Amino acid sequence: MNAFESPTLDKRSGHIGKRQTRVEDDALLRGQGRYGDDLATPPGTLHAAVLRSPHAHARLTSLDVSRALAMPGVHGVLTGDDVKRWAQPFPVGVRQPMDHWCVAVDKVRYVGEPVAVVIAENRYLAEDALEGVCVGYEPLPVAVDTEAAIADGAVILHEAVGANVVNDRRFCYGDPQTAFDTAERRVSLKVRFPRSSCTPIECYFVLAQYDVASGGYDVTSNFQGPFALHSVMTRALKVPGNLLRLRTPPDSGGSFGIKQGVFPYVVMMGLAARKVGAPVKWVEDRLEHLQASSSSTNRVTEVEAAVTHDGRVTALRLDQLDDCGAYLRAPEPATFYRMHGNLTGAYAIRHLEVRNRVVMTNKTPTGLNRGFGGPQVYFALERLMQRIATELDLDPLEVIRRNLIPSGSFPYRAAAGALLDSGDYPKAVALGIEEGGLAELLERRKAARRAGRLYGIGYTVAVEPSISNMGYITTAMTPEERRKAGPKNGAVSTATISVGPLGDISAHVSSTPQGQGHRTVVAQVIAEVLGVPLESISVNVELDTGKDAWSIASGNYSSRFSGAVAGAVYNAALKIKQRLAVIAAEQWGVDAERVRFGEGRVFVDGGDASASFHRIAGATHWSPGTLPESESGGLRETAFWTPPELVAPDDNDLINSSLCYGFIFDYCGVEIDRITGAVRIDRYVTLHDAGRMLNPDLVDGQVRGGFAQGLGVALMEEFAYGDDGSFISGTFADYLVPTAVEVPEPLILHMETPSPFTPLGAKGVGEGNNMSTPVCVANGVADALGIKDIELPLTPSKVRTLMGFDEPPRPEGVGEEVAKQTPGGSLLTASDSVEIPGTPRQVFDNLLDPDTLAAIIPGCHALELTGENAYRADVTVGVGMIRARFDARVALRDLDPPHALRLSGAGTSSMGSAEGSAKIRLTEIEGGKTRLDYDYEASVGGKVASVGGRMLQSASKMIIAQIFTRLSRHLGGAAPKASLWQRIKRLVTGKGGQS
């Protein structure tokens, strides 16, 4: 039961529940935040750069680092052989023979997988030296699509497993078969939830040191937890837990889940430090982060409901495929099982059948992403509820209300085992309808439709879990496997409070925040309990496993702070308060129960005795001899707290996967532009019941952040992969995220039903809208268009397709060709012609001349003849912010002198691979000139491909144009004449060259 009671002496001075300005903001706004890259480095620190695979699936045939080691400033290169000697594969959450190393040792299985680490005196030298690492790859077929990966004949990623499904579990709760057999109606649908990411401002950071004497590692990283992964890292490093000291910086520039995924780099850089015998620092760049850090899990769900004629759901059947990428990286399959206990959401559905399959594909391994599991579950469940309403010709909101868990039912045990702690869902929906102005929104829809506009309303209800049960992931195991492994459960939170000789208060929590305002709330809780000013409290949120109190549940994830960590702070503060009350009572000769705290003083209720807080607290330091016999002196308390409600899954696979469950009711009005297909949010209403709010300002901030991220998932964000596994969303030009301009202000409403299971009655609130907003917007679009099937993100082009419009052809000479996806990578195509001085014979002969060829290839450092009309070239090519040196092969073939030939080339570099071919035709025209017509195709892979189709298309056009511009100049003429469209563009924009 929650123990919190607000002080009775002066309600006006209470801090808990107050809209308190964040204490963190002053330093951050002054630019005085201390992030990972700001921290001082030990003397002799070296810097690392990671060589990554350009292939989605390939066998490593050779690795030569000699050129890199010979470069100035390079101290070493960490390879797979080093990793095999000093480390071992990461443990995985299912019992399968899958080896996942921090650096590839035999195969690469996704674009961006680390292959080697160069360590040099600075980052620039390390990046340059990547070009000196020569890797031999034997490309293999790929499995990219989730459903294709489980089909017969699909290429297998992990041969020892023998299949791409690495975990397949079936669950049955209640009697779903009878419910379906006797159902009045059945309603089903299939949905696909896409991959997206978190894109924090600050990417990964690691500073690692190796102690030769002890064989231990000391690593600072912006790792967010869960610290259960500390054990994963120590096992990979083959050291006991006390030989991996893991520290976090004072500040972290956002995470939203993804900084859980830095842990393989903690191991990698620890080994790099061991390799060179010096501290090693690595800061991830944005291209690396998008391409290879982590992402949410894409899911394919087939869901079916047994339904009565009035829309009541009696049973659910779920068949779910989670695509976890190339490796099952801890804590996956968390995305499946974090939500398992409450798969029925906010609904009173007693019969449930589930099949969960974890699938491996040649994509980046997945991990935590704000709301992990929730967006995938609710997209299927809430789309289903709208489909039920559509097929039964019912009001979608009425279908939702008829299926809600009834008032007065809490705590409520859901079909799969979740113990929903508190709430009144029907009351919350009624409150949201009234205060959110649904009646007006319905009138807007009527008016819009009368005017011929496309306007829809979407509804969603969701249950937001918080404070994860550390044993929920073991639901992926069978009961027999769990019995052998031993039970896992609970969620231990820690907090330490110290009072100094002058009454100053210091607190430490093991929560590793990334901007949520934890220091503010910790100070509020302590100020409330001890009756001291907020300014007298200093809060440390850094975590050092070498000296701080922590547990495997420590960290900042699963919205655990307000319910668990703040609750531990409250318990520690109560311990301090009780000790001080005994000390004061001894001095004044009264019962300790009469001692009160407030306004910086300690006093007796109904008496005259009173003293300042610092006077009473100071006695534990200045005069310990005067203390009661029960007092040992000093004033420091650490509280550990874990809730008894979080038990291990039982033999029937029932699991209370989280401690607390908030409630969300969202609805929105959306309007769709009939011409462009753009979706505009007219109004968005979101009501939250997150238990007792500790600081409403911070709650609203979390809601806004979750809404913005959820809106991005709904309308913009998707990790896209080519058919060859190349990653093609590698910059913010192709992976769009919403900015302040695109995010409307939601109407935020609150209802408070305190949790009986947390010390303060608080629940988590940081992830809910990333669960509810994507499907709410999708339901609004489905209502506006009157369609059944919706796939995210709802980009304008996708919406136009849903509207039945085909995109018109591109006007000739306008814009750019779109990069297509083929098995060879991102395929770039174009055709053009130029006029060149000289006869076709002169042009033809010059193209076959090695000196001419070396002169006209952009960035060519050297050209070596290797055969008839075949060359090896050393070429530097820049695409956007990526510049790479390619070992290229160039050939001239299909010779038809002097009329036609084909110029082809292929190359590899540390930044990726590229190959292309141009068919060239030569025609004599007036004035002794030649018209050169060309059609070219080029494909790229690896980091180069990650810059996205727009930039690649522009760069490829520019490079091919430069070749023929240089050819023209080499033959003594001016540059080829610009096309009409280029001349118009120069006139309008004042800029020349290719777009």
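A brief look at the structure comes next. (Residues numbered from 1 in each chain as written. Predicted model: local features only at pLDDT ≥ 70, side-chain atom pairs only at ≥ 80, totals over all residues. Heavy atoms only, no water.)

Check the secondary structure of the protein and you find 25 helices and 36 strands. In terms of overall size, the protein behaves like a compact globule, its C-alpha atoms giving a radius of gyration of 31 Å where 995 residues would be expected to give roughly 30 Å. With the C-alpha coordinates of the protein rotated into their principal frame, the extents come out at 115 × 75 × 60 Å. Within the span of the protein, comprising 995 residues, buried residues form 59% of the whole. For the protein, long-range pairs separated by at least 24 residues make up 76% of all intrachain contacts whose partners lie at least 6 apart in sequence. For the protein, the accessible area works out to roughly 37,800 Å², and carbon and sulfur atoms hold 50% of it. Distance between charge centres in the protein, computed from 101 positive and 115 negative side chains, equals 1 Å. (Helix = DSSP H or I, 4+ residues; strand = E, 2+ residues; numbered from the N terminus. Rg over C-alpha atoms; globule rule 2.2 N^0.38 Å. Buried < 20%, exposed > 50% of the residue type's maximum accessible area, 1.4 Å probe, protein only. Contact = heavy atoms within 4.5 Å. Areas by Shrake-Rupley, 256 points an atom, 1.4 Å probe, with all protein chains shown as cover. Lys, Arg positive; Asp, Glu negative; His and termini not counted. Charge placed at Lys NZ, Arg CZ, Asp CG, Glu CD.)

Quick look at the nonpolar core now. Counting residues in hydrophobic clusters, the biggest one holds 129 residues, and the most contacted among them are Ile-388 and Phe-665. Ile-526, Ala-566, Leu-698 and Ala-762 belong to the second largest nonpolar core, which has 49 residues in total. (Core = buried A, V, L, I, M, F, W, Y, C linked by side-chain atoms within 4.5 Å.)

Because the α-helix completes a turn every 3.6 residues, residues three or four places apart line up on one side. The terminal C-alpha atoms of helix H8 (residues 263-276) lie 20 Å apart, and with 14 residues this matches the ideal 20 Å at 1.5 Å per residue to within 8%. Taken together, the buried positions of H8 are Phe-263, Pro-264, Tyr-265, Val-266, Val-267, Met-268, Met-269, Gly-270, Leu-271, Ala-272, Ala-273 and Val-276. Where H8 terminates, the next one or two residues include Gly-277, which has phi positive at roughly 70 degrees. (Expected span 1.5 Å × (residues − 1).)

Right, let's talk about helix H14 (residues 438-450) for a bit. When the terminal C-alpha atoms of H14 are compared, their 19 Å separation across 13 residues agrees well with the 18 Å that a helix rising 1.5 Å per residue should span. Those residues of H14 not exposed but buried are Leu-438, Leu-441, Arg-445 and Ala-448. Buried residues of H14, seen end-on, are gathered within an arc of 75 degrees and therefore sit on one face of the element. Among the exposed residues of H14, those pointing more than 90 degrees away from its buried face are Ala-439 and Arg-450. Buried-residue contacts for H14 involve helix H12 (396-403), helix H13 (425-436), strand S18 (454-468), strand S26 (658-672), strand S27 (679-689) and helix H20 (768-785). After H14 finishes, the residue Gly-452 shows a positive phi value of roughly 85 degrees. (Arc of directions from axis to C-beta.)

To continue, consider the pattern of salt bridges. Counted under the stated rule, the structure contains 55 salt bridges. Two residues, Arg-683 and Glu-440, come together in a salt bridge whose shortest N-O distance is 2.9 Å. Here Glu-440 lies in helix H14 and Arg-683 lies in strand S27, a separation of 243 residues in the sequence. Residue classification places Arg-683 among the buried positions, given a relative accessible area of 16%. Classification of Glu-440 as partly exposed rests on a relative accessible area of 42%. In this structure, Arg-902 and Asp-894 form a salt bridge, with 3.4 Å as the shortest nitrogen-oxygen distance. (Salt bridge = Lys/Arg side-chain N within 4 Å of Asp/Glu carboxyl O.)

In the segment running from Gly-225 into Pro-226, the intervening peptide bond is cis, with an omega of 5 degrees. Positionally, Pro-226 belongs in the loop between strand S10 (216-221) and helix H7 (228-237). Look at Thr-199: it is not a glycine, yet its phi comes out positive at around 45 degrees. Mapped onto the elements of the fold, Thr-199 is located in the loop between strand S8 (185-193) and strand S9 (205-211). The class for Thr-199 is buried, based on a relative accessible area of 18%. Here Ser-559, not a glycine, exhibits a phi torsion of approximately 50 degrees, which is positive.

Let's shift gears to the packing of helix H17 (residues 561-588) against helix H18 (residues 613-622). Interaxial distance between H17 and H18 falls to 10 Å at its minimum, and their mutual angle equals 95 degrees. As judged from the angle between their axes, H17 and H18 are roughly perpendicular. Between H17, through Leu-580, Ile-583, Ala-584, Gln-587 and Trp-588, and H18, the contact on the second element is made entirely by Phe-613, Ile-616, Ala-617, Ala-619 and Thr-620. Of the residues that constitute the contact of H17 with H18, the class distribution is eight nonpolar, two polar and no charged. (Axes fitted to C-alpha atoms, helices over the stretch in contact; angles between N-to-C directions. Parallel < 35°, antiparallel > 145°, perpendicular 65-115°, else oblique. Nonpolar A, V, L, I, M, F, W, Y, C, P; charged D, E, K, R; others polar.)

What follows covers the sheet that holds strand S24 (residues 610-612). Read across the open sheet, the three strands follow the order S22-S23-S24; overall the sheet is antiparallel. Sheet topology places strand S22 (595-598) and S24 at the edges, where each strand pairs with a single neighbour. Averaged over all adjacent pairs, the angle separating strand axes in this sheet is 20 degrees, with direction ignored. As paired strands, strand S23 (residues 601-604) and S24 are joined by three bridges and run antiparallel to one another. Across the sheet, residue Val-602 finds its bridge partner in S24, namely Ala-611. (Pairing = 2+ DSSP bridges.)

Before going further, it helps to examine the environment of Asp-548. Along the polypeptide, Asp-548 turns up in the loop between strand S21 (537-540) and H17. In sequence terms Asp-548 and Thr-496 are 52 residues apart; their C-alpha atoms lie 8.8 Å from each other. Within the structure, the side chain of Asp-548 is placed 3.3 Å from the side chain of His-508, a separation counted as a polar contact. Here Asp-544 takes part through its backbone nitrogen, which lies 2.8 Å from a polar atom of the side chain of Asp-548. (Polar contact = N/O pair within 3.5 Å; in protein donor to acceptor, adjacent residues only side chain to side chain.)

Right, let's get into the side chain of Thr-852. Considering the arrangement of structural elements, one finds Thr-852 in helix H23 (residues 850-856). With relative accessibility at 1%, the residue Thr-852 sits in the buried group. Setting aside chain neighbours within four positions, we find Thr-852 in contact with Asn-846, Leu-967 and His-970.

Moving on, we come to the environment of Ser-632. With respect to the helices, strands and loops of the structure, Ser-632 is situated in the loop between H18 and strand S25 (636-641). Distance in space between the C-alpha atoms of Ser-632 and Thr-620 is 8.2 Å, their sequence separation being twelve residues.

Moving on, we come to the sheet that holds strand S7 (residues 165-173). As summarised here, the arrangement of the five strands in space is S7-S15-S14-S13-S8, forming an open sheet in which the pairing is mixed. Every interior strand has two partners, whereas the edge strands, S7 and S8, have only one. On average, each strand axis in the sheet is tilted by 10 degrees relative to the strand beside it, whichever way the strands run. Bridge analysis of S8 against strand S13 (residues 298-307) gives nine bridges, and the strand direction is antiparallel. Bridge assignment links Val-191 to a residue of S13, and that residue is Thr-301. The strands touched by helix H11 (residues 374-391) within the sheet are S8, S13 and strand S14 (313-323), with S8 carrying the most contacts at an inclination of about 140 degrees.

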